[in-house]
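Listed below are the residues making up each chain.
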Amino acid sequence: MDLAKLTIKEARRALDAKEFSALDLTNAYLENIARRDGEIHAYLEVWADSARKEAKAADALIAAGKSKPLTGIPIAVKDNILIKGRIASSASKILEKYVASYDATVITRLKEQSVVFLGRTNMDEFAMGSSTENSAFGVTKNPVDTSRVPGGSSGGSAAAVAGNLALAALGSDTGGSIRQPASHCGIVGLKTTYGSVSRFGLMPMGSSLDQIGPLTKTVKDTKIFFDVIRGHDARDSTSIPDYALQGGGKKIGVPRAFLKEGVEPDVLAVFNATLERLKAAGYTIEDIEMPNLPYSLPVYYVICPAEVSTNLARYDGIRYGLSLPADTIQEVYSKTRGTGFGSEVRRRILIGTFVLSSGYADAFYRKARAVRELIRADFKKAFQSYDAIALPTSPGPAFKIGEKVNDPMAMYLEDIFSVTANLAGVPAISVPAGVVERDGTNLPVGFQLMAAHEGEGALFTIGADVEKLS
Amino acid sequence: MKDISVDVEALAKLAKLEVSPEELSRLGKEIPDILRFVETIQEVSENVPQGDVAHRNVMREDADPHETGLYTKDLLDAAPAQKDGRIVVKQVLKKK
C-alpha cells in the first residue's frame, strides 16, 4: 500500500475487499511514525499498543461484514479533545499530566465506528497560535519543508496527515486553526458550521468561535469524516438540529477590496488562477462588496481574548491539572497559572481581562460584538446572491520556524482571511490550489471557500472542483 | 486616537496570574500595540444593530439530572488533592 496516495475512500474499499487488514494499515502508519516523527514531531504521544488492539477489533467487524465508513481507519487526535483515560494536555504545562475524565462526543462517535486512534497531536498551547511554536513541548515541523512551521494551532494534526503519519486527523478551529495548517501542509481542512459538531469534550478557548473539524487529504474524505462526527448533541447547549447537505450552485463572490493589501503577490496569483479555472469550468465569479470584512481581525482579537480570559479561569490548580503549593489559596491560583501557562496564553488572558474590564468593556468588548453583527450581516447579504465566497486561506505560505514567534501582531495577521468564518459562524474549507516557491522549495497554498450556515454541501461540491482543476 | 494606558500589573492581579517583572515590561509595550490595532473598530459608525440577536448565552434546561455520584470518582480523580469525596483546598476564610 502506498500511504502517500491512500485516502479514506480507497482504504475503505481495500479494507472491505480484504486487500490489506486494518492491522496492516495501522502497522504501516506506526512504522512511518517510528521512522519520521522524531523529525516532524507531529505527535505528543503515540498509542501503538492500543492502536493495534483497536485495529484487530476493526478487522473482526470487517470480517463479519459490519464495517462502517471509518472502521479501521487510523486517525490522529488534537491534544485538546478528551479521550477518557488518556492524557489531554492542550500542549500546556498546566495540563501536562491531566487524564481525561470522559470521552468527547466526537470521540464517542468515532469509537462507534471502530476507528484506530494512533495518538494525540501537537498544537499551539490551548489552540492559541498559528504555527504550533506555542506548544509547551517543542515545535512541529512542516513535512513539506522541515525548516518551516506547519501552521497552527492544529499543526500536529496537519503535519500528521501531510507526512503520512495518519490517514486523517481531528482538529479544532477558532480563527483558522484547521484551515491555515491545512493550507500550509497541502491538505484539506474544514471549519464546520457553528453548532454542527458537538464541542462536548473539546477544551474551550473562544466558545462563540470554536468548532471541531477534520483534516484529510481530499474533499471526499473530509465529507466522509464530517458525516460521522456531525449531528445534534444534547450535551452541547450550542448544538443545532441535524440538517441535510445541499449541493452547491456555481456562483462565487470575491470580496476583492479585502485583498488589496497584505497578501503575498504569488499567493494572490494562485488564488486568481484558481478563480480563472473555475470560471473556465462554468462558474460565475463576481467581485462583491463586504464592507465590514476588514474589521474581522480587530474584532476577533477583542472577542477571542475576552472569551479566553473567562474560559481559562477554570485552570486554577484546584480541580485538575498542575497545582503549586502556596500559603494562601490566592497564591495557589496565581503561582499555578503563572507557571502553568505559556507566554501567548498569558498575553491573551491579560488582553481579555483588559477588554472586559470596567471602563473599557463598552469601547472594546461591546463594540466588537456590535461590529461582529455587521460582519455577519455582510455574509447574510452575500449568501442571498452567491453560493460561496472565496478568499485565500492565509496571506502567505508556511513561514520559517522562529520567523514570527516573537512578533504577536505578525502572527495574528496569519488569520486575517480565516477569522471571518468563525465570527459569522459559517462553514469554510481550505483546499490545496497550487504552490509558490520559497528558497527553491515549492510550498502549498490553500484556496478558501465559505458557505452559508449548514452549507457544507456547497463547500464539498465546489471544493471537489477546485481539487480536480488544480 | 487617544493613548491607551494599560496597567499590566493590575490586570495580572485581576486575572490571578503571576507575571515576572521582565514580562511585565515586555507586555507593557505589546498589549498597547495590540489594543491600538483592535481599536480600529472605533471607526465603524454607530449605526450598528442593537442587542445581540445572533449571539446569546444558551442554557440547558435545569432538569433531568443524572444519578447522583455517577461521575464523582472520575472527576475527583483528576483533582490535585481529595479527601472523603471532596476536593481539598487551602482555607479561604480565616477567623480573626
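Note that residues are indexed from 1 along each chain, following the sequence as it is written. Numbering of ligands from 1 and lettering of chains from A proceed in the order in which they are written. Local features in a predicted model are, by the rule used here, given only for residues with pLDDT of at least 70; side-chain atom pairs are given and counted only at 80 or more, and totals for whole chains, interfaces and linings are based on all residues. Side-chain metrics rest on all non-hydrogen atoms present in the structure, leaving aside hydrogens and water.

### Topic: the overall build of chain A
Consideration 1: Within chain A one finds 15 helices and 11 strands.
Consideration 2: Put simply, the radius of gyration uses C-alpha atoms, and a globule should come to 2.2 Å times the residue count raised to 0.38. The C-alpha radius of gyration of chain A comes to 21 Å, within 12% of the 23 Å expected for a compact globule of 470 residues.
Consideration 3: Its C-alpha atoms give chain A principal-axis dimensions of roughly 65 × 65 × 50 Å.
Consideration 4: When each of the 470 residues of chain A is scored for burial, the buried share is 65%.
Consideration 5: The Shrake-Rupley method, run with a 1.4 Å probe sphere, supplies the accessible areas, and residue values consider only the shown protein chains as cover. Put simply, chain A shows about 15,300 Å² of open surface, and 51% of that area lies on carbon and sulfur atoms.
Consideration 6: If you average the places of the 54 positive and of the 53 negative side-chain charges in chain A, the two averages end up 3 Å apart. Secondary structure counts use DSSP, requiring at least four H or I residues in a row for a helix and at least two E residues in a row for a strand, with both numbered from the N terminus. Partly exposed residues are those whose accessible area sits between 20% and 50% of the maximum for their type, while under 20% is buried and over 50% is exposed, using a 1.4 Å probe and protein chains only. Counting rule for charge: Lys and Arg are taken as positive, Asp and Glu as negative, and neither His nor the chain ends is counted. Each charge is placed at NZ for Lys, CZ for Arg, CG for Asp and CD for Glu.

### Considering the interface of chain A and chain B
Size of an interface: often given as the accessible area lost when the parts come together.
Consideration 1: In this complex, chain A contributes 57 residues to the contact, which on the side of chain B involves 47 residues.
Consideration 2: Values labelled buried area give the accessible surface lost by two parts on being combined, using a 1.4 Å probe and summing over both. For the chain A and chain B pair, buried surface summed over both sides reaches about 4,500 Å², with 67% attributable to carbon and sulfur atoms.
Consideration 3: By definition, a salt bridge exists where a carboxyl oxygen of Asp or Glu is found within 4 Å of a side-chain nitrogen of Lys or Arg. Remark: the boundary between chain A and chain B carries four salt bridges.
Consideration 4: Salt-bridge contacts for Glu18 of chain B lead to Lys335 of chain A; the nearest nitrogen and oxygen are separated by 3.4 Å.
Consideration 5: For this analysis, a polar contact is any N or O atom pair within 3.5 Å, provided that within protein one partner can donate a hydrogen and the other can accept it, and provided that sequence-adjacent residues contribute only side-chain to side-chain pairs. Scanning the region where chain A abuts chain B turns up 15 residue pairs in polar contact (both at pLDDT 80 or more).
Consideration 6: Secondary structure elements with two or more residues in the side of chain A that touches chain B: helix H9 (296–311), helix H10 (329–340), helix H11 (343–355), helix H12 (362–385) and helix H13 (408–413) of chain A.
Consideration 7: Examining the composition of the side of chain A that touches chain B, we find that 11 residues originate from one element, H12 of chain A, more than from any other.
Consideration 8: Taken together, the residues of the side of chain A that touches chain B sort by class into 30 nonpolar, 14 polar and 13 charged. Should any heavy atoms of two residues lie within 4.5 Å, those residues are considered in contact. All amino acids are sorted into three groups, where Ala, Val, Leu, Ile, Met, Phe, Trp, Tyr, Cys and Pro are nonpolar, Asp, Glu, Lys and Arg are charged, and the leftover types, Gly among them, are polar.

### What to know about the pattern of salt bridges
Two side chains of opposite charge can pair, provided their charged atoms sit close to one another.
Consideration 1: All chains considered together, the criterion is met by 33 salt bridges over all chains.
Consideration 2: With a closest N to O distance of 2.9 Å, Arg179 of chain A and Asp173 of chain A form a salt bridge. For the pair Arg179 of chain A and Asp173 of chain A, one class covers both residues: buried.
Consideration 3: As a salt-bridge pair, Glu23 of chain B and Arg346 of chain A come within 2.8 Å of each other at their nearest N and O atoms. With Glu23 of chain B in helix H2 (residues 21–38) and Arg346 of chain A in helix H11, this residue pair bridges two chains.
Consideration 4: Several salt bridges converge on common partners, so that one network encompasses Glu344, Arg346, Arg347 and Arg348 of chain A together with Glu23, Arg26 and Glu30 of chain B.

### What about the sheet that holds strand S2 (residues 74–78) of chain A?
Residues and elements named next belong to chain A.
Consideration 1: When DSSP finds two or more bridges between two strands, those strands count as paired. The strand order across the open sheet built from 11 strands is S1-S3-S2-S4-S6-S5-S10-S11-S9-S7-S8, with neighbouring strands paired in mixed fashion. Strands at the two margins of the open sheet, each flanked by one partner only, are strand S1 (43–46) and strand S8 (284–287). Across the sheet, the axes of successive neighbouring strands diverge by a mean angle of 30 degrees, strand direction being ignored.
Consideration 2: Taken together, the four bridges between strand S7 (residues 251–254) and S8 define a ladder with parallel strand orientation. Considered in S8, the bridge of Val254 is made with Asp287.
Consideration 3: An axis is simply a line fitted to the C-alpha atoms; with a helix, the fit covers only the stretch in contact. Between two such axes, the angle follows the N-to-C directions and lies from 0 to 180 degrees. Helix H2 (residues 22–40) rests against S1, S2 and strand S3 (116–121) of the sheet, and its axis sits at about 20 degrees to S3.
Consideration 4: Each of S1 and S3 touches helix H3 (residues 48–63); the most contacted strand, S3, lies at about 150 degrees to it.

### Quick look at the packing of aromatic side chains
All names here are of chain A.
Consideration 1: Two aromatic rings from Phe, Tyr or Trp, using only the six-membered ring of Trp, form a pair when their centres are within 6.5 Å; if the ring planes differ by under 30 degrees the pair is stacked, by over 60 it is edge-to-face, and anything between is tilted. Here the structure, examined in full by the defined rule, presents 15 aromatic pairs over all chains.
Consideration 2: Plain terms: the ring middles of Tyr360 and Phe364 are 6.5 Å apart, the flat faces sit at 50 degrees to each other, and that makes the pair tilted.
Consideration 3: A residue is classified by how much of its surface remains accessible, and Tyr360, at 29% relative accessible area, is partly exposed.
Consideration 4: The class of Phe364 is buried, set by a relative accessible area of 2%.
Consideration 5: An aromatic cluster of at least three residues, connected via ring pairs, comprises Tyr98, Phe126, Tyr315, Tyr320 and Phe341.
Consideration 6: Note on criteria: charge over ring means Lys NZ or Arg CZ within 6 Å of the ring centre, with the direction from the centre no more than 35 degrees off the ring normal. Geometry around Tyr243 places Arg230 over its ring, the cationic atom sitting 5.2 Å from the centre.
Consideration 7: Residue placement shows Lys251 over the ring face of Tyr386; its charged tip is 5.0 Å from the ring centre.

### Topic: the side chain of Asp37 of chain A
Residues and elements named next belong to chain A.
Consideration 1: Looking at where Asp37 falls in the secondary structure, it is placed in helix H2.
Consideration 2: Here Asp37 occupies a buried position and makes no salt bridge, while the nearest side chain of opposite charge, Arg36, is found at 8.4 Å.
Consideration 3: In this structure, Asp37 is in contact with Asn32, Ala42, Tyr43 and Leu165, ignoring residues within four places of it in sequence.

### Considerations on the nonpolar core
Consideration 1: Only buried residues count toward a nonpolar core, which is a set of Ala, Val, Leu, Ile, Met, Phe, Trp, Tyr and Cys residues joined through side-chain atoms within 4.5 Å. Among the nonpolar cores identified, the biggest contains 166 residues, and Leu110, Phe126, Leu170, Phe379 and Leu449 of chain A together with Leu35 of chain B are the most heavily contacted of them.
Consideration 2: Excluding anything up to four places from it in sequence, Leu35 of chain B contacts Ile351, Phe354, Val355 and Phe364 of chain A together with Ile4 and Val6 of chain B.

### What about helix H15 (residues 456–469) of chain A?
Consideration 1: An ideal rise of 1.5 Å per residue puts 20 Å on 14 residues; H15 of chain A measures up with 20 Å between its terminal C-alpha atoms.
Consideration 2: Regarding H15 of chain A, the residues found buried are Glu456, Gly457, Ala458, Leu459, Phe460, Ile462, Gly463, Asp465 and Val466 of chain A. In a helix, the anticipated span is given by 1.5 Å times the number of residues less one.

### A closer look at H9 of chain A
Consideration 1: For H9 of chain A, built from 16 residues, the straight-helix expectation of 22 Å at 1.5 Å per residue is met to within 8% by its first-to-last C-alpha distance of 21 Å.
Consideration 2: Counting buried positions along H9 of chain A gives 15 out of 16 residues, so the element sits mostly inside the fold.

### Quick look at the confidence of the model for chain B
Consideration 1: Mean pLDDT over chain B works out to 87, with 88% of the residues at or above the 70 mark.
Consideration 2: For this predicted complex, the interface score ipTM comes out at 0.91, while the overall pTM is 0.97. The predictor rates its confidence in each residue with pLDDT, a number between 0 and 100.

### Description of the pairing of strand S5 (residues 188–191) of chain A
Residue and element names in this part refer to chain A.
Consideration 1: Because side chains alternate across S5, one face comprises the buried residues Val188 and Leu190, and the other comprises Gly189 and Lys191, equally buried.
Consideration 2: Sheet analysis places S5 next to strand S6 (residues 211–216), joined by two bridges and oriented antiparallel. Paired with Val188 across the strands is Thr216, a residue of S6.
Consideration 3: Bridging between S5 and strand S10 (residues 428–438) involves three bridges; their strand directions are antiparallel. Across the sheet, the residue bridging to Gly189 is Ser430, located in S10.

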